[in-house]
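These are the residues of each chain, in order.
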Amino acid sequence: MPTELPYAADAEVSLSYDELEVLRTQYQKELAQSHVTVQTKFNYAWGLVKSPLREHQVEGVRLLQEIYRAEPTRRRECLYYLALGHYKMDNYEEARKFNSLLMEKEPTNMQAQSLASLIDKKVARDGYIGMALVGGVAAVSALVAATLIRRATRR
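Residues numbered from 1 in each chain as written. Predicted model: local features only at pLDDT ≥ 70, side-chain atom pairs only at ≥ 80, totals over all residues. Heavy atoms only, no water.

J.: Break down the confidence of the model for the protein for me, with residues and values.
T.: Taken as a whole, the protein shows an average pLDDT of 85; of its residues, 79% reach a score of 70 or greater. The low-confidence segment residues 1–6 (pLDDT under 50) makes 10 contacts with residues lying over four places distant or belonging to another chain. (pLDDT = per-residue confidence, 0-100. Contact = heavy atoms within 4.5 Å.)

Next comes the structure, spelled out in structure tokens:
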């Protein structure tokens, strides 16, 4: 489902298996040497967040949160990908929280603006789906109740 918003391309574009494998190999190599650079960790987290696989996204968000906590100078660049990761995992409130933090720092950031729009559309869509489900359950419940009442009055 492509978006009309060109700046939020990260929401739909994944790395190839080989591209992600290069990042993973570098990360694991540095991990084995007991010294992972912040850039290597960020690059791997970035690749994981862009993945279509939820377990990759979860791991990417976890690594970005580690960087966000440990490296104050790198927080701004983590915010967008934390927001994106949560968006892709359908954690819209967390996505909105991180994206809002970024927009406070950079109100003209086009990526953040377009991601905010995508988040709002998903929240609205999920709200409509939720209302439809509740309405459907209510209708089925009313039919079941009416059937039970009709059977009880026939006896």
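That shown, we press on.
J.: Describe the pattern of salt bridges, listing the residues and the values that go with them.
T.: With the rule as written, the count across this model stands at 9 salt bridges. Residues E66 and R62 are paired through a salt bridge, measuring 2.3 Å at the closest nitrogen-oxygen approach. Placement of the pair is E66 and R62 together in helix 3 (residues 54–70), with a separation of 4 residues, close to one helical turn. Exposure remark for E66: the relative accessible area of 27% places this residue in the partly exposed category. Among the charged side chains, a network of salt bridges with common partners joins K41, E59, R62 and E66. (Salt bridge = Lys/Arg side-chain N within 4 Å of Asp/Glu carboxyl O. Helix = DSSP H or I, 4+ residues; strand = E, 2+ residues; numbered from the N terminus. Buried < 20%, exposed > 50% of the residue type's maximum accessible area, 1.4 Å probe, protein only.)

J.: If you had to explain helix 3 to someone new, which residues and values would you point to?
T.: For an α-helix, 3.6 residues make a turn, and residues three or four places apart therefore share a direction. Taking 1.5 Å of rise per residue, 17 residues should cover 24 Å, and helix 3 covers 24 Å from first to last C-alpha, within 8% of that figure. Three or more residues of helix 3 are buried, namely Q57, G60, V61, L63, L64 and I67. Projected down its long axis, helix 3 shows its buried positions confined to an angular sector of 165°, all on one face. Residues of helix 3 that are exposed and point more than 90 degrees away from the buried face comprise E55, R69 and A70. Here the buried face of helix 3 lies against helix 1 (17–32), helix 2 (38–50) and helix 4 (75–88). (Expected span 1.5 Å × (residues − 1). Arc of directions from axis to C-beta.)

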